[in-house]
Amino acid sequence: KQWYQRRVAITAGESPTDKLIRELREENEKLKKMLEGGAIDKSMIKDDDEDDLSEEEIQARLKALMEENEAEKSNIEQEWKSKLEAAQKAIQDMEAEKNRKSEMMKSVPHLKNLNEDEQLCGMVVHFFGEAKEYKIGSKDGEPANDIVLSGLEIDPSHAIVNNSSGKLVLLVGEGAKVYVNGEYVTGKIELMHSDRVLFGANNLFTVINPAEEAAGAKAGIEYHYFTYYDAMAEIQNLGDQDKSESLLQEDLAELAPMIGEVNAMSCALDKKVKFEIAVVPDPNLKRKTAMVSMFSYLTSCTYLLPREEFISRKYKMEEMYQQFINEDESWSSIDPKEDPFTEEESKETRLGTIATSLKSLGYLIEQEQTLAITNYQGASLGELRVEYYPCKENGTIITEDDDIFVDDPDHLVGQPLHFQLKIPYARGISKRFEKIFCRYKFFLDNEYTTTATLTGANPDFKFSKQHSCTPVTDQFVRYMEGGSLVVEVWGTQIPVPMKQGDSRTTKQLMAANFNPNQTPKLLMDPEKQMILTELESAKKRADKQQNKLVKIQQLIDNAKDSNATTISVEQLQEILNSNTASMGIAVAVFKMKAKQAKAEGGLFKVAALTVASNEEARDAASGSNKKKKTSANEPSKACSIL
């Protein structure tokens, strides 16, 4: 009774069944009080059109109503009890099935699903008992498949798995899409413990073979269990080269199944469009970025879509595909401007890029390069000429005659640096492209610097801009040493229609160009281009150093010709600082010493030359007859040059 009172008081959130039982109980309580002599509510026991009832009739009706309520309450409680017992039995059955599966997972080979949400991994398990073939495919398979998979690119007869004495053998159906450990497979293949298998676009599983795992453990084999992102990155064949770039791997793992889905929708709707992943560098090559290329078979045009734009389009594609499934023809009459499978032909798109190293700039050495413009597939679209020249603040280019050379870029810190960047021209651009221009971001620029827009196979941009860093900072030195200047080449594409009479469907067109092992490619190979640039820069630095050695040798030769025994430290320092004018002073000093030697009638044999103090050099240059000598035993003043 106390429980009942509490239950009546707390009615918020009660179920409809509980509410009905409560109301019946309340009504019976009222009827009981009426029978015990309380005030009678006649509206509960008679209709409006009935005359007054006698006391006996009222009593009879009250009892009948109470019995009716009690019977209804009992029926409801019994029904509720039956449902509760059924639910409890279902829970027990589920628990028993769970225990049965747990035991089977210890001994029976099976597939376990991988999901981007770790909480959902292992929720789907398919067992393979011995001596039986297990057919895998969609719900449309005839006869019915043993394992039914849903999703895009699942064929009615997708694959067959056979368990022969504990060994799993996979037989791929004709034309079915199956990847094992990141490799596209056809025909027959044995599945090993810990293998990753992708059926269609998004049904990803890992193979668990308990017997093989136990045997491997005895043999000292350690198995690596892949996550969903590991497996999807493996399918993209990233390997070790990009393992440090976890953000890129996550983007690729997210985009890979989406690409499969949108391509499957394109085939179903016959949109004549194919999507691929493109890995491109950011403007300053800080990290690579995952984008999506959209290729139209109808126009032979390719467009690069940022990840966010592609995902937004995918939602619209799914809506169109759902209309197609529901036989709603409105998807076929969508406005082309709103169609996520199309793009405006006049849209500017990134054709390709080049990257040039800035390392030479740190040594104040000019750089002149003609680099291949490559697209995301690695194909060359032509060549771009890029040059940069260290200059003075007024724009005057520093030449070899200035003989300015920096041994270490760190010496530039705190000093002003100016240089002119030039993009004179591009050559060999395909006639399929027009309205071509280049753009780039330098160092910490927020906005792009853009060249003129030109049309033609050999556009002459004649672009030049002076950049200044006043003063040079440690950050800028690191940028020059490790970064690249990425120049993007943009333009519009001239459509090339499909051949007249080509009636192939989207699926047939994709199959004709399908490369099962195709992996995302860099928009360029920056390492290769950087190595070539650095080799050229190193050669120029070596030439500068060789020039210094030549000048030192010339200084020694002049000393010998003048029968001199000493070389000024100041003279050597000026040569090492690469100042051509200083070389002239050094030579003048030795000519003066030669005249002095002749005047005194002395001859000197130079077996070794001693570096003299600056004071003696000044005396020699001023014509002084002092014979101040430096001691070879005083390292602070002199050293031997052999």
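Every value quoted in this text rests on a predicted model; they were computed, and no experiment measured them. (Residues numbered from 1 in each chain as written. Predicted model: local features only at pLDDT ≥ 70, side-chain atom pairs only at ≥ 80, totals over all residues. Heavy atoms only, no water.)

Draft legend 1. Molecular detail of the packing of aromatic side chains. Taken as a whole and assessed by the stated rule, the structure comprises 18 aromatic pairs. Ring centres of Phe128 and Tyr134 lie 5.3 Å apart, and the angle between their planes is 85°; on these two criteria the pair is classed as edge-to-face. In this structure, Phe128 and Tyr134 share a single accessibility class: buried. Seen in terms of ring centroids, Phe442 and Tyr479 are 5.7 Å apart; in terms of plane orientation they differ by 75°. Their pairing is edge-to-face. Of this pair, Phe442 sits in the loop between strand 20 (433–440) and strand 21 (449–450) while Tyr479 sits in helix 8 (residues 474–482); the two residues are 37 residues apart in sequence, bridging distant segments of the chain. Since its relative accessible area comes to 6%, Phe442 is described here as buried. Among the aromatic residues, those joined into a cluster by ring pairs are Tyr388, Phe419, Phe442, Phe443, Phe476 and Tyr479. Residue placement shows Arg196 over the ring face of Phe226; its charged tip is 3.7 Å from the ring centre. Lying over the aromatic face of Tyr448, Lys441 brings its terminal NZ or CZ to 4.7 Å of the ring centre. (Phe/Tyr/Trp six-rings, centres within 6.5 Å; stacked < 30°, edge-to-face > 60°. Buried < 20%, exposed > 50% of the residue type's maximum accessible area, 1.4 Å probe, protein only. Helix = DSSP H or I, 4+ residues; strand = E, 2+ residues; numbered from the N terminus. Lys NZ or Arg CZ within 6 Å of the ring centre and 35° of its normal.)

Draft legend 2. Layout of unusual backbone geometry. Omega for the peptide link from Glu142 to Pro143 comes to -5°, which places this bond in the cis form. Topologically, Pro143 is positioned in the loop between strand 3 (132–137) and strand 4 (147–148). With a phi close to 55°, Asn181 is a non-glycine residue in the positive phi region. You can call Asn181 partly exposed: its relative accessible area is 25%. Phi angles above zero are rare outside glycine, and Leu364 is one such case at about 55°. Mapped onto the fold, Leu364 is located in the loop between strand 15 (349–357) and strand 16 (367–374).

Draft legend 3. Focus on the sheet that holds strand 8 (residues 183–184). As summarised here, the arrangement of the 6 strands in space is 2-1-11-10-7-8, forming an open sheet in which the pairing is antiparallel. A strand with exactly one partner marks an edge of an open sheet, and here the two such strands are strand 2 (125–127) and strand 8. Pairing analysis gives 2 bridges linking strand 7 (residues 178–180) to strand 8, with the strands arranged antiparallel. The partner of Tyr179 across the bridge, within strand 8, is Tyr184. (Pairing = 2+ DSSP bridges.)

Draft legend 4. A nonpolar patch on the surface, seen in detail. A contiguous nonpolar surface patch, about 280 Å² in accessible area, is contributed by Leu120, Met123 and Val124. Tracing the backbone through its elements, the reader meets Leu120 in the loop between strand 1 (110–113) and strand 2. By relative accessible area, which is 42% here, Leu120 ends up partly exposed. (Patch = residues over 30% accessible without salt bridge, like charges linked within 9 Å, V, L, I, M, F, W, Y side chains within 5 Å. Areas by Shrake-Rupley, 256 points an atom, 1.4 Å probe, with all protein chains shown as cover. Salt bridge = Lys/Arg side-chain N within 4 Å of Asp/Glu carboxyl O.)

Draft legend 5. Expanded view of helix 7 (residues 307–325). Across its 19 residues, helix 7 extends 27 Å between first and last C-alpha, which sits within 8% of the 27 Å expected from 1.5 Å per residue. Turning to helix 7, its buried residues number three or more, namely Phe310, Ile311, Arg313, Lys314, Met317, Met320 and Gln323. Just beyond helix 7, the residue with positive phi is Glu327, at close to 60°. (Expected span 1.5 Å × (residues − 1).)

Draft legend 6. Main features of the pairing of strand 3. Sheet topology places strand 3 next to strand 5 (residues 159–164); 5 bridges connect them, and they run antiparallel. The residue of strand 5 that forms the bridge with Glu133 is Asn162. With 2 bridges connecting them, strand 3 and strand 4 associate as parallel partners. Opposite Ile136, over in strand 4, you have Ile147 as the bridge partner.

Draft legend 7. Looking closely at the confidence of the model for the protein chain. In this model, the protein chain carries an average pLDDT of 78, and 74% of its residues clear a pLDDT of 70 or more. Confidence over residues 1–12 falls short of pLDDT 50; this stretch has 10 contacts with residues more than four positions distant or in other chains. (pLDDT = per-residue confidence, 0-100. Contact = heavy atoms within 4.5 Å.)

Draft legend 8. Seen up close, the pairing of strand 13 (residues 288–296). The buried fraction of strand 13 amounts to 7 of the 9 residues, a majority that puts the element mostly inside the structure. Counting the residues between successive antiparallel strands, the hairpin from strand 13 to strand 14 (residues 301–306) contains 4 residues, one of them, Ser300, with a positive phi of roughly 60°.

Draft legend 9. Just the pattern of salt bridges, in detail. On inspection of all chains with the given rule, the structure shows 26 salt bridges. Residues Glu368 and Arg385 are paired through a salt bridge, measuring 3.9 Å at the closest nitrogen-oxygen approach. Of this pair, Glu368 sits in strand 16 while Arg385 sits in strand 17 (residues 380–391), placing them 17 residues apart in sequence. Taking relative accessible area as the criterion, Arg385 reaches 17% and is therefore assigned buried. The network of salt bridges with common partners includes Asp251, Glu254, Arg307 and Glu308.

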